[in-house]
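One letter stands for each residue in the lines below.
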Amino acid sequence: MLAKIFRSVVLSGAVAICTIVAAGSQASASQQRFTYRVHDSVYGEIGTYIDAVEKSGDATTIATEAHMSVSILGIVLYRQDISRIERWVANRLVYFHGVTTENGTPVEVDGRAEADNFIVSSPGGQVTAPGTIRSASPWAAGAPGGDTIFLPDTGVVTKVHTSGGEETSVTIDGASSRARQYHIETADGQERYEVWMDDDGTPVMFNMQDKDSNVTFTLAK
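Structure report, in brief. Predicted model only: the values in this text are computed from it and were never measured.

What follows is about the overall build of the chain. Broken down by element type, the chain carries two helices and 15 strands. At a minimum sequence separation of 6, the contacts of the chain that also span at least 24 residues come to 43%.

As a further point, take unusual backbone geometry. Positive phi outside glycine occurs at Leu 73, with the angle close to 55°. Secondary-structure assignment places Leu 73 in the loop between β3 (59-72) and β4 (75-89). The phi dihedral of Asn 103 is positive, around 50°, even though this residue is not glycine. Of note, Asn 103 is situated in the loop between β5 (92-102) and β6 (105-114). Of the residues examined, Asn 103 reaches a relative accessible area of 47% and is grouped as partly exposed.

This next bit is on the nonpolar core. Counting residues in hydrophobic clusters, the biggest one holds 34 residues, and the most contacted among them are Tyr 36, Val 38, Tyr 49, Val 170, Ile 184, Phe 206 and Phe 217. When near neighbours in sequence (up to four residues on either side) are disregarded, Ile 184 contacts Ala 141, Val 160, His 161, Thr 162, Glu 191, Arg 192, Tyr 193 and Val 195.

To continue, consider the environment of Thr 101. Examined against the element boundaries, Thr 101 turns out to sit in strand β5. Linking Thr 101 and Gln 80, residues 21 residues apart in sequence, is a C-alpha distance of 5.6 Å. Apart from the residues within four sequence positions on either side, Thr 101 is in contact with Arg 79, Gln 80, Asp 81 and Pro 106.

Right, let's talk about the pairing of β4 for a bit. When β3 meets β4, the two strands line up antiparallel, connected through 14 bridges. By the bridge assignment, Ser 69 is partnered in β4 with Arg 79. If you look at the hairpin formed by β3 and β4, you'll find two residues sitting between the two strands, and Leu 73 has a positive phi there, around 55°. Note: β4 against β5, 10 bridges, orientation antiparallel. Residue pairing across strands places Glu 86 opposite Phe 96, the latter belonging to β5. Joining the antiparallel neighbours β4 and β5 is a turn of two residues, in which Ala 90 adopts a positive phi near 55°.

Taken together, the side chains of Val 42, Tyr 43, Ile 72, Leu 73, Ile 75 and Leu 77 make up a nonpolar region of the molecular surface, amounting to roughly 630 Å² of accessible area. Structurally, Leu 77 is set in strand β4. Residue classification places Leu 77 among the partly exposed positions, given a relative accessible area of 49%.

A separate point is the packing of aromatic side chains. Applying the stated rule across the entire model yields eight aromatic pairs. Between the aromatic rings of Phe 96 and Phe 150, the centroid separation amounts to 5.0 Å while the plane-to-plane angle is 80°, which identifies the pairing as edge-to-face. Separated by 54 residues along the polypeptide, Phe 96 in strand β5 and Phe 150 in strand β10 (residues 148-150) bring together distant segments of the chain. For Phe 150, a relative accessible area of 0% corresponds to the buried category. Residues Phe 118 and Phe 150 carry aromatic rings whose centres are separated by 6.0 Å and whose planes lie at 20° to one another, so their mutual orientation is stacked. Of the two residues, Phe 118 is situated in strand β7 (residues 117-122) and Phe 150 in strand β10; the sequence distance between them amounts to 32 residues.

Enumeration over the complete set of coordinates arrives at five salt bridges. In this structure, Asp 147 engages Lys 159 in a salt bridge whose closest nitrogen and oxygen atoms are separated by 3.3 Å. With Asp 147 in the loop between β9 (134-135) and β10 and Lys 159 in strand β11 (residues 157-172), this residue pair connects regions lying 12 residues apart in the sequence. Here Glu 167 ties to Arg 180 by a salt bridge, and the two come within 3.7 Å at their closest N and O atoms. Taken as a pair, Glu 167 in strand β11 and Arg 180 in strand β12 (residues 175-186) lie far apart in primary sequence, 13 residues in all.

Cut-offs applied
Residues numbered from 1 in each chain as written. Predicted model: local features only at pLDDT ≥ 70, side-chain atom pairs only at ≥ 80, totals over all residues. Heavy atoms only, no water. Helix = DSSP H or I, 4+ residues; strand = E, 2+ residues; numbered from the N terminus. Contact = heavy atoms within 4.5 Å. Buried < 20%, exposed > 50% of the residue type's maximum accessible area, 1.4 Å probe, protein only. Core = buried A, V, L, I, M, F, W, Y, C linked by side-chain atoms within 4.5 Å. Pairing = 2+ DSSP bridges. Patch = residues over 30% accessible without salt bridge, like charges linked within 9 Å, V, L, I, M, F, W, Y side chains within 5 Å. Areas by Shrake-Rupley, 256 points an atom, 1.4 Å probe, with all protein chains shown as cover. Salt bridge = Lys/Arg side-chain N within 4 Å of Asp/Glu carboxyl O. Phe/Tyr/Trp six-rings, centres within 6.5 Å; stacked < 30°, edge-to-face > 60°.

Dropping the structure here:
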């Protein structure tokens, strides 16, 4: 149950692309760091999810680190660690590298833009997808593009239906703020996502649901 929910946790960590490495340890003035609390509807607080977003011209790099675990009476029943990075140029995903370690077993997924396509490589093989593909990332909600995504922990490519964008309000830690709400559902209807974005396009809250569970990520700082 938890593995199925967590497999779609997006967005992108570790270090890649030489131009980013060459920037050294000094953070860019356009870099922001977002920390989310992770709450499971059954097990409560289960970890943290951190995105570092760096913008330079029309290029955006999103690096993600996440650590989540479920314990009962001090016994760890489930653990997932995520390290990913994805890079966008304008509205096109051009690079992805991610390692998802689930209960000690790592799975590596790579992606790269090639001509009008995007090539996804994973333990399941190599898939040639449309160049408009997106990762299953809350940052991509509401962006123009196609209806195809890939799951960053497995490399599986799937169709989705996206709707919403209506203005609403969201309450975090007792404070209400304006946001736009988006709804994403996989073609088979097995998984659903909701994303609330502020006026700057930052996801302030997002959740992932299947028939068994609901996991919510809430911006803490």
